[in-house]
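# Examination of the molecular architecture
Spelled out from the first residue to the last, the chains are:
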Amino acid sequence: MSDSRKEIRICFIGESFVNGTGDPEFLGWTGRICRHAESKGYAITHYNLGVRAETSRYLKQRWRSEVSYRLPPESDGRVVFSFGVNDSGWAGKKQGIELSESIANARSILTEAKQIYPVLMVGPPPCGDVDQEKRNQIIANLSQEFALVCNELDVPYLDVFSSLLKSPTWLTEAKANDGAHPKADGYTEFAAIVQNWQGWLNWFTS
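Per an unreviewed UniProt entry, the protein chain carries the name Lipase and comes from Anabaena lutea FACHB-196.

What follows concerns the pattern of salt bridges. Tallying each qualifying case throughout the model produces eleven salt bridges. Among the ionic pairs, Arg32 bridges to Asp23, the shortest N-O distance being 2.8 Å. Residue Arg62 is joined to Glu54 by a salt bridge in which the shortest nitrogen-to-oxygen separation is 2.6 Å. On the basis of relative accessibility, which here comes to 11%, the residue Arg62 falls in the buried class. Within this structure, Glu54, Arg62, Glu66 and Arg70 form a network of salt bridges that share partners.

Turning our eyes to something else, we now look at helix H2 (residues 28–39). Given a rise of 1.5 Å per residue, twelve residues ought to cover 16 Å, and the 17 Å separating the end C-alpha atoms of H2 matches this to within 8%. Among the residues of H2, Gly28, Trp29, Thr30, Gly31, Arg32, Ile33, Cys34 and Ala37 are the ones counted as buried.

Another aspect to go through is helix H3 (residues 56–70). Over its 15 residues, H3 extends 20 Å from the first C-alpha to the last, a length consistent with the 21 Å expected when each residue adds 1.5 Å. The axis of H3 is deflected most strongly, by about 45°, at Arg62. Listing the buried residues of H3 in full gives Ser56, Leu59, Arg62, Trp63 and Val67. Residues of H3 that are buried sit in contact with strand S1 (6–14), strand S2 (42–50), strand S3 (77–82), helix H4 (85–88) and helix H6 (99–114).

Along the chain, the position of Arg135 falls in helix H7 (residues 132–153). In contact with Arg135, not counting residues within four places along its chain, are Val85, Asn86, Ser88, Gly89, Cys127 and Asp129.

This brings us to the sheet that holds S1. Across the sheet, which stays open at both edges, the five strands sit in the order S2-S1-S3-S4-S5 with parallel pairing between neighbours. With partners counted over all chains shown, the strands left at the sheet margins are S2 and strand S5 (157–158), one partner each. Examined bridge by bridge, S1 and S2 share nine bridges and lie parallel to one another. In the sheet register, Cys11 faces S2, and the bridge partner there is Tyr47. Against the sheet, H6 contacts S3 and strand S4 (119–122), and its axis sits at roughly 155° relative to S4.

Definitions and cut-offs
- Residues numbered from 1 in each chain as written.
- Predicted model: local features only at pLDDT ≥ 70, side-chain atom pairs only at ≥ 80, totals over all residues.
- Heavy atoms only, no water.
- Salt bridge = Lys/Arg side-chain N within 4 Å of Asp/Glu carboxyl O.
- Buried < 20%, exposed > 50% of the residue type's maximum accessible area, 1.4 Å probe, protein only.
- Helix = DSSP H or I, 4+ residues; strand = E, 2+ residues; numbered from the N terminus.
- Expected span 1.5 Å × (residues − 1).
- Bend = angle between axes of the 7 residues up to and from the residue.
- Contact = heavy atoms within 4.5 Å.
- Pairing = 2+ DSSP bridges.
- Axes fitted to C-alpha atoms, helices over the stretch in contact; angles between N-to-C directions.

As structure tokens, then:
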């Protein structure tokens, strides 16, 4: 029997929160939203291209070669970007990344990507580490700036920071785990925000 479901290949590219670091089920939010889409009658190929401790500087260098290798022109390929937390932390400081570079990198990546693929961007989530308050102020600012860039480029953008900052589950699990990454319940909550977002839902309408 042939499979009549619509085939879609999706690359998720970003840092450890895309990777799903900390999730004992090894799904993160990306695996969960693809599982949900599959249950709705789509044949999803899910490529998780999350790299721990990566900043936007290095993501900018690698994204196209990794994505183009997995999304040949004949496929129905799409790309979801989500990054920024590492720009705000020790990795960003070590590399001398300022807010202006993060914004410029996001603009460069998205400008190029949207010319080739359908693109979405999911904003950076809050952290529960020792410098939580100071770092989350930086992440909140980054999220707002990314939203402006996406609006300028007509790329759908989802602010998850605001919702997850109010969530007792996300921050409680992050603090109890490694200070930054939640476990299964936190990623389940993240996934629920994305899979109910109109930007994502628009990819799955006939």
